[in-house]
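# Structure assessment
Here is what each chain is made of, one letter per residue.
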Amino acid sequence: MLRTALRNVFAHKARLVMTALAIALGVAFVCGTLVFGDTVAQALRGASAKSFKDVAVSVQAESRQNTDDAANDARTTALTGDLVDKVRAVPGVTSVHAIVDGAATLAAKDGRPLNADSSWQNLAINYAPDTPNTDRDSRFPLIAGRAPTAGDEMALDRRTAEKAGYTIGDLVRFAVQGPTLSKRLVGIVTTDDPRVTAGGSLALFDTGTAQQLFLQPGRFDELAVGSAPGTDNQELTSKVRALLPAEGITVTSGAQLADEQAQLIAESTKGLTRMLLAFAGIALFVGVFVIANTFTMLIAQRSRETALLRAVGASRRQVVRAVLTEAGLLGLGASAAGIALGIGIATAMRPILNAGGADLPDGPLVIATDALVRSLLVGVGVTVLAAWLPARKAAKTAPVEALTTVDLTPPRRSLVLRNSLGALFTGAGVLIMLYVSMRRNGADSNLQAAALGSVLVLIGMIVSAPLLSRPLIRLAGAVTTRLFGVSGKLAKENALRNPRRTAATASALMIGLTLITGLSVTGSSMDAALRAAAVAGLTADYKVSVSGSATIDPALAAKVAEVPGVAESVPVASAALVARGRGATLTGADPRLLAKVCDLRFSSGSLADLGPGKVLLSDRLAKDTGLSKGDTFQGRVGAGSNSTRELTVVGVYRQTRAFGGAIGTMDDVLPEAFVAGKLDSILVRAASERSTSGLDQDIRKALGNSPLLRVQNQDQLTKEQSGGSDVMLNMMYGLLGMTVVIAVFGVINTLAMSVVERTREIGLLRAIGLDHKGVKQMVRLESVVISLFGAVLGIGTGIFLAWTCGSLSTSTLPQYEIVLPWARLGLFLLLGLAIGVLAALWPARRAARLNMLRAINAQ
């Protein structure tokens, strides 16, 4: 039986090519994901290990605001210069880097800010020589110029300098918290810090300058202690810990710190790997239909051969084992090809993601044995599992029945049980999804119900596909018959001849298009909601804000008001509010000015009702707290405040992102703002539409053109809200595209094998007058009808699932409404048509080239 399985694989290798390709693509997806995940994790671990390789002991100080000196409330720590000298004097210590950490946003040479929206990536550190007797900092090897030694000097790492366009001697503009600063670039260094190699920037200052910018003189954030070869670093860690105060300082060995970092890196890469594996699983699930369909058709075509095997003594179990062995061999060969392709995919993924802004670190490709073995097992296992049902079907065929009916049309199997199961699954799924659509929050229970309902609907559609194929294909067949005559009618009848086969072929395409359509509809609806939410209730032409944790001085609002073309400059501050146990953001502004830059929808009250001790509540906060116009409550204003004050509700408005959960006067909010006495933003209304041209640049110039400064119009605000989702959607479209490609192979395979199965029939059609063109047209139209059937089912199911799941977003995004991207849906339908045409090219050509007489005599 093993020899029989081997002979069958080689005898039918042409019929198995498309199935092998489908398996190979699925395995390539799995292997590429595993290898890519290992590669990225190793690169991050390697970069982290390099940054800790010379650190024997790490001393980290807790940061706090200085409360001892009212005139200087800058950030401070418990690490002083005296403590640094004590650590340096410990036996076995060879170097102590006293580190000052901060963040500085740089402006490129052309004025654009670097990483303006990710201030955590903009590192600023002091250049700390290894010992007092040297000017070399081994952490940052110099490749050009020299180290910064004065207050007007700085250094950059090579990547940052190249990205910003700076060279030695240039004046570098940057900002920390306040106004723009400038210093001369005197040196360029290299670094292995993973935060920098992953796309961040690095600015270096001498220690005194760094302390003035980020800390207090004589204070440090961290000590990186180096040791002599042969030193027991655990013992050294204990000695250093004994020297330092316990409060506010943590002493850790470098090895322990590296291990902790490695664990964090492993956790951070798991999410991406799991997501990619989920899409790989979808691709393999689609491949199951292709594999099962192939073996079902092969077994039907080899019924005489199977009968002969049974007649000469092969048992049912042996027949099953022979088919499964054939599937295993096919899976083994295809998986090996898929692994090779997967390694290529893993190699290409990092530059592709980096081009999209992922900023993954460099490193060698990691091909672990575990990843290869798992990929191979998945490929072989899925192939054998998909072939199991066809194998059982082959074993159940009686030898005499197969030998006497090989040339007759096999009896149709009843679809009653299948249709009943399909209706049960679909009905249950639809009921669950309708229940989900009536829920208005994204609680875990509702998400789990939505996931269960989606799976049941999809399974129900797959099981019910043979039943659904009849009316839909008859409808499509009526069109093909009218347009193409006999060829169109034959195509319809061929598609209807075996509903199970048609359904299995179409289901592979349906799954891919269901997911893509659902994603597209959800993405379009979410994008529209985010864009509406970003500027809902806001009529200002510009919003002036700053990046990161920086704030705006209230005096700057007057400067903005003086810019030609500005009609109104409205300062806005924010503070924390706790009302009846519910937290919210309290927005503070002058109500008279605020009315000129907003258009809030009130159910009661108005901005004019605001005054000292009076607040407006959003409808959501009012509902959560049970408050309404005229009510008073004891509210706590300010993040650090423990005292409460009596506040009166003077109105309720529809909540928007621009104005948070409550609105009060500037006098009530500014003293208790998140940063006391500082603004969050300035809302600007232009004098006229014409005056908006170039107004943003004029505002920037008036405020010093700081790299931290952001002057955004309404289009930029909406793009900021939805930009990240666009990147994610495009990535997911690409991943789901693999399922469509596998479905195409399934259509090609089904048509090619059906041509072999219908060889005699095609010969007879040719004999009674159907020419080459008619045969090609018949096969093409059959392919188009099946593909359109799968596309219609997929698009319809995807729209339904997106509509029912959309309600889960309304609690956090009230603007969410279903938006059908008609152009994209039309494109998906055309994609189904194109798949049908392209998939039929080879089978149609093969059918048309059959020799008429040989085809009629075919067995």
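Source: prediction; values computed, not measured.

## Quick notes on the packing of helix H15 (residues 486-497) against helix H24 (residues 772-805)
Relative orientation of the contacting elements H15 and H24 amounts to 50°, with a least axis distance of 8 Å. Compared by their axis directions, H15 and H24 come out oblique. Where H15 crosses over H24, the handedness of that crossing is right-handed. Mapping the contact onto sequence places Ser487, Gly488, Leu490, Ala491, Asn494 and Ala495 in H15 and Gly774, Gln777, Met778, Leu781, Glu782, Val785 and Ile786 in H24.

## Digging into empty space enclosed by the protein
Applying the stated criterion to the full structure yields four cavities of 30 Å³ or more. In this structure, the second largest cavity occupies an estimated 40 Å³ of space. Lining the second largest cavity, in full, are Ala22, Ile23, Leu284, Gly287, Val288, Ile291, Gly379 and Val382. Secondary-structure elements contributing two or more residues to the lining of the second largest cavity are helix H2 (17-52), helix H8 (254-301) and helix H11 (369-395).

## Digging into the packing of aromatic side chains
Applying the stated criterion to the full structure yields five aromatic pairs. Relative to Trp803, the ring of Phe800 lies with its centre 6.2 Å away and its plane at 50°, an arrangement referred to as tilted. Here the residue Phe800 and the residue Trp803 both occupy positions in helix H24, the gap between them amounting to three residues, near one helical turn. The exposure class of Trp803 is partly exposed, given its relative accessible area of 43%. Each residue in the set Phe174, Phe205 and Phe214 is aromatic and connected to the rest through ring pairs, giving one cluster.

## Details of the nonpolar core
In this structure, Phe29, Phe36, Phe295, Met510 and Ile742 are the most contacted members of the largest nonpolar core, which totals 93 residues. Top contributing element to this core by residue count: helix H22 (residues 714-757), with 15 residues. Ignoring sequence-local partners within four residues, the contact set of Met510 consists of Leu458, Met461, Ile462, Gly790, Leu793 and Gly794. Of all hydrophobic cores here, the second largest spans 41 residues; its members include Leu114, Ala161, Ala203 and Phe220.

## So, the packing of H24 against helix H26 (residues 841-848)
One way to put it is that H24 packs onto H26 with a least axis distance of 8 Å and a crossing angle of 145°. Handedness of the H24/H26 crossing: right-handed. Within the contact between the two elements, H24 uses His772, Val775, Lys776, Val779 and Arg780 and H26 uses Pro843, Ala844, Arg845, Ala847 and Ala848. Classifying every residue of the contact of H24 with H26 by side-chain character gives six nonpolar, one polar and three charged.

## Things to note about helix H23 (residues 759-767)
The complete set of buried residues in H23 reads Thr759, Ile762, Gly763, Leu765 and Arg766. All buried residues of H23 lie within an arc of 160° about the axis, which places them on one face of the element. Note on H23: the residue one or two positions beyond its end, Gly769, has a positive phi of about 120°.

## Remarks on the environment of Ala246
Looking at the element boundaries, Ala246 is found in the loop between helix H7 (233-243) and strand E16 (249-253). Overall, Ala246 belongs to the exposed group, its relative accessible area being 75%. Separated by 168 residues in sequence, Ala246 and Ala78 have C-alpha atoms that sit 10.0 Å apart.

## Focus on the pairing of strand E10 (residues 153-157)
Taking burial as the measure, the five residues of E10 include five buried ones, the bulk of the element. Here E10 shows two buried faces, one formed by Glu153, Ala155 and Asp157 and the other by Met154 and Leu156. Sheet analysis places E10 next to strand E12 (residues 181-189), joined by five bridges and oriented parallel. In the sheet register, Met154 faces E12, and the bridge partner there is Leu185.

Cut-offs used in this document
Residues numbered from 1 in each chain as written. Predicted model: local features only at pLDDT ≥ 70, side-chain atom pairs only at ≥ 80, totals over all residues. Heavy atoms only, no water. Axes fitted to C-alpha atoms, helices over the stretch in contact; angles between N-to-C directions. Helix = DSSP H or I, 4+ residues; strand = E, 2+ residues; numbered from the N terminus. Parallel < 35°, antiparallel > 145°, perpendicular 65-115°, else oblique. Left-handed = near helix turned anticlockwise from the far one by under 90°. Contact = heavy atoms within 4.5 Å. 1 Å grid on protein atoms, 1.4 Å probe; cavity = no way out; pocket = protein on both sides within 12 Å on 5 of 7 lines; lining within 4 Å. Points joined across faces, edges and corners; volume = space filled by probe spheres on them. Phe/Tyr/Trp six-rings, centres within 6.5 Å; stacked < 30°, edge-to-face > 60°. Buried < 20%, exposed > 50% of the residue type's maximum accessible area, 1.4 Å probe, protein only. Core = buried A, V, L, I, M, F, W, Y, C linked by side-chain atoms within 4.5 Å. Nonpolar A, V, L, I, M, F, W, Y, C, P; charged D, E, K, R; others polar. Arc of directions from axis to C-beta. Pairing = 2+ DSSP bridges.

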